[in-house]
Amino acid sequence: MQLVESLLTGAIHLPWPIFAAEQIFDGHNMHQSIICQKRCGKTPACASTFAVKGEGTCIYGMSYFQIQVRDDPITIIGVRSSNNPNTSTPNLKDALKGRLVTFQQVQDWANKTIGLLVAIENEFLRRQSELLDPLHDSIKLGQKIESIANRLVNTDPSKSLEEQIDRAPPDLKSLVKASGLLADSFDLLTIYFNPAAASFGRKTYLSLHGLLKKLVSILSNPDPTEENSIPVKIFLNGDCHRNVSVYDSFKLVPFALISNAVKYSADGRVRVNIFDRAGIIEVSVESVGPLIEPEELGLIFNKRFRGKWAKKVALGSGVGLYLAKTVADANGISIHASSIKQNSSSKDKPLATNRFSFEISG
Amino acid sequence: MSEFITEGKSIFDNLGWLANLIGIGTPIGGALWLLYKFRAAIFGTSTFIKLTNDYIVRKWHDSDSIKRIVEVAIVDDNPNDFPTVELQRAGYHVKIHKQVSLKDIARLAEYDVVFLDIHGIVKDDIDEGGLKLLPKLREANPRQKICAVSSKTFDPTATTFFKQADDVQKKPVNAQKCQNVIESLSLEKLNPILLATQLDKETSHLNTYTRRVLLGQLKKFALTTKPISEMVAQITAAGKLSPALSHLLIDYMRVLRHAIS
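Residues numbered from 1 in each chain as written. Chains lettered and ligands numbered in written order. Predicted model: local features only at pLDDT ≥ 70, side-chain atom pairs only at ≥ 80, totals over all residues.

Digging into the overall build of chain B
Scanning chain B from terminus to terminus reveals 14 helices and five strands. Since a compact globule built from 261 residues should have a radius of gyration of about 18 Å, the 27 Å found for chain B marks it as more spread out than a globular shape. (Helix = DSSP H or I, 4+ residues; strand = E, 2+ residues; numbered from the N terminus. Rg over C-alpha atoms; globule rule 2.2 N^0.38 Å.)

Focus on the interface of chain B and chain A
Interface size, as often reported, equals the accessible area lost upon joining of the parts. Between chain B and chain A, the contact holds 15 residues from the first and 21 residues from the second. At the level of secondary structure, the elements contributing two or more residues to the side of chain B that touches chain A comprise helix 9 (159–164) and strand 5 (167–169) of chain B. Classifying every residue of the side of chain B that touches chain A by side-chain character gives five nonpolar, five polar and five charged. (Contact = placed C-beta atoms within 7 Å. Nonpolar A, V, L, I, M, F, W, Y, C, P; charged D, E, K, R; others polar.)

Concerning the sheet that holds strand 2 (residues 93–97) of chain B
Residues and elements named next belong to chain B. Spatially, five strands are ordered 2-1-3-4-5 in an open sheet, and the strand pairing comes out parallel. Where the open sheet ends on each side, the last strands, each with one partner, are strand 2 and strand 5. This sheet shows a mean twist of 20° between the axes of neighbouring strands, independent of strand direction. Its contacts with the sheet put helix 8 (residues 129–140) on strand 3 (113–116) and strand 4 (145–149), and the angle it makes with strand 3 is roughly 165°. Across the sheet, helix 10 (residues 175–190) lies against strand 1 (71–75), strand 3, strand 4 and strand 5, angled at about 155° from strand 4, the strand it touches most. (Pairing = 2+ DSSP bridges. Axes fitted to C-alpha atoms, helices over the stretch in contact; angles between N-to-C directions.)

Observations concerning the nonpolar core
Nonpolar side chains tend to gather and get buried jointly when the protein is soluble and globular. Residues A:L252, A:I258, A:A324, A:V327, B:V114, B:L116 and B:C147 are the most contacted members of the largest nonpolar core, which totals 108 residues. With nine residues, helix 9 (residues 252–264) of chain A is the largest single contributor of residues to this core. If you look at the next biggest cluster of nonpolar residues, it comprises 24 residues, including A:I18, A:C58, A:I76 and A:W109. (Core = buried A, V, L, I, M, F, W, Y, C linked by C-beta atoms within 7 Å. Buried ≥ 20, exposed ≤ 12 C-beta atoms within 10 Å, placed from the backbone.)

Considering the packing of helix 4 (residues 48–55) of chain B against helix 11 (residues 192–202) of chain B
All names here are of chain B. Two elements in contact, helix 4 and helix 11, have axes separated by 8 Å at closest approach and are oriented at 155°. One finds that helix 4 runs roughly antiparallel with respect to helix 11. For the pair helix 4 and helix 11, contact is made by F48, I49 and T52 and by P192, I193, A196, T197, L199 and D200, respectively. Taken together, the residues of the contact of helix 4 with helix 11 break down into six nonpolar, two polar and one charged. (Parallel < 35°, antiparallel > 145°, perpendicular 65-115°, else oblique.)

Quick look at the sheet that holds strand 1 (residues 18–20) of chain A
All names here are of chain A. Read from one edge of the open sheet, five strands run 2-1-5-4-3, paired in antiparallel fashion. A single partner strand is all that each edge strand has here, and the edge strands are strand 2 (23–25) and strand 3 (53–57). Each neighbouring strand pair of the sheet contributes to a mean axis angle of 25°, computed without reference to strand direction. Pairing between strand 3 and strand 4 (residues 63–69): five bridges, direction antiparallel. Across the sheet, the residue bridging to E55 is F65, located in strand 4. Its contacts with the sheet put helix 4 (residues 103–132) on strand 3, strand 4 and strand 5 (72–79), and the angle it makes with strand 4 is roughly 30°.

Some thoughts on the pairing of strand 1 of chain B
All names here are of chain B. For strand 1, the buried fraction is high: four of the five residues fall into the buried class. Where strand 1 lies against strand 2, five bridges are found, and the strand directions are parallel. Its bridge partner lying in strand 2, I74 is registered against I96. Where strand 1 lies against strand 3, four bridges are found, and the strand directions are parallel.

Some points on the pairing of strand 3 of chain B
Residues and elements named next belong to chain B. Residues V113 and F115 of strand 3 are buried on one face, and the alternating residues V114 and L116, pointing to the opposite face, are buried as well. In this structure, strand 3 lies alongside strand 4, joined through four bridges in parallel fashion. Looking at the pairing, V114 lines up with I146 of strand 4. Of the crossover connections in this fold, the one passing from strand 3 over helix 8 to the parallel strand 4 is right-handed. (Right-handed = clockwise from strand over helix to strand, strands pointing away.)

Concerning unusual backbone geometry
With the exception of glycine, the majority of residues adopt a negative phi angle, and the majority of peptide bonds are in the trans configuration. In this chain, B:K171 is followed by B:P172 through a cis amide linkage whose omega measures -5°. The topology assignment puts B:P172 in the loop between strand 5 and helix 10. Even without being a glycine, A:R70 presents a positive backbone phi close to 55°. Mapped onto the secondary structure, A:R70 falls in the loop between strand 4 and strand 5. Its 13 C-beta neighbours within 10 Å are what place A:R70 among the partly exposed residues. Positive phi values are uncommon outside glycine, yet A:A278 reaches one of about 45°. Tracing the chain through its elements places A:A278 in the loop between strand 9 (269–277) and strand 10 (280–290). Of the residues examined, A:A278 has 5 C-beta atoms within 10 Å and is grouped as exposed.

Observations regarding the confidence of the model for chain B
Summing up the model confidence of chain B, the mean pLDDT is 89 and the portion of residues at 70 or higher is 97%. Complex prediction metrics read pTM 0.78 and ipTM 0.75. (pLDDT = per-residue confidence, 0-100.)

Some words on helix 7 (residues 170–193) of chain A
Residues and elements named next belong to chain A. The end-to-end C-alpha separation of helix 7 is 34 Å, in line with the 34 Å expected for 24 residues at 1.5 Å each. When helix 7 is considered as a whole, its buried residues turn out to be V176, K177, S179, G180, A183, D184, F186, D187, L188, T190 and I191. Elements that come into contact with the buried residues of helix 7 comprise helix 5 (135–153), helix 6 (161–167), helix 8 (208–219), helix 9 and helix 11 (320–330). (Expected span 1.5 Å × (residues − 1).)

Structural data, given as structure tokens:
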């Protein structure tokens, strides 16, 4: 919980007036000084600069203290410190009277406030952990099903798993695909609840081309009764024999990008391109789908954000691209998005060539 | 005798200074060169790298050697999630601990690689035992490699557990994955060249003579059949060994014994 949100509830005891996050919070014991109100109004001059820990006297003769409460810089305004005797400025004698504050008091208040915020946060995490506990067995089962499905299809050690999936009988193929989707969905869910999980473990070398081949095989032709009404074909172009060093979570980046393209594909085609440019591997996912307005491109990776045209095409919660970005960030990768409007599309349902790409060094 | 000396002196007096220099310098130089060349054989080796190159490198084969040396513990209330039989069949020394007590830390800290779950493994703390066990193991033996194995990566309260581990794997772990994890983690711990480099760094404050004696004591101990637990008491050259140096020397001794056995 953020300090300012907590202060707004009024539940945190505030002995003196403070200035935080561009606003003044009046003290519960000591109210804002008349001098401060008259001279500075809503923007105290003493808060124009910030020292992590310190005290000073403002140009109008009032003392102030500055302290950091977690990430928030706080200025305690309109008080008197022991370095500012109220006899030194006779015209401020009344204004400073009864306003003595020591830095130790400020420090104690900051420590107690931090303690309270941490306790609230820990309690929230504990509750979250308790609520999510039933997921444990489902994730484990999903993992087990994927492991068994892969074992069933992987009978010929001389051939790659992707090759064997392609040649497997339809039922087995569906089982492998479904179990792969289930496991990856659980992985996405894991990152959603605990973004730190994106960088758990250690980086290992992975064949990016092999991963894309597997994902293309799993995500091609999804159940037409779901999401999109037309079967989608995914084309993988280009080649790359270089391996990349990434966290286990990395596979979720192409998974989320391809799933997203499949979900919104208007013409049933998704192109996945991989190019090796002298050590830098570029992966892009292109499809024709709902236009992403230029002002939306910067927001498209935000949690729960959905483009206005995408909302009209399919149901969704706006987390797929957010998760892709979370995992990409953990792996030190940036995802770029572009949307080029197709002039032939209708005004009430504008289409565009949407392209999501990232680069990674091999 | 005095005649012999006088005759010798007259021989040198009759020769020029250059001849004298060659006549005296050559045998002395030769003796010094021989002494320098065979210094390791005469006085003993003074660096771990040299000892490693002389005794270990030729006999060390990463996968095979690791299988013989590495001690693996699986600490999980559901050991069926691990390919224990396949690992044992492949030649690894694997022990399963369904439940441990916080009192067992010293014993657990002796393993090279530990696969550690969070829940249900510590008798004294069923819910969060793994969380508490991991830092205690780290404290007892910072060189130990710990692989956190749990499907609870979604739980934000367990983040510290996963972040502190050397590796993280989901359950069930298949045989190939498990072998890869064991091999890569144990090579980081037991690779002879890495160990020797670290030991040379750790003992760089000792003078050459002390290091020669230390290495001599190690070689001597390696040839005995005494348990390694007795080694720290027997190695006296470097004085009281620091915990870091003790852990390094114990690992090195196991590698050395494997090579000379």
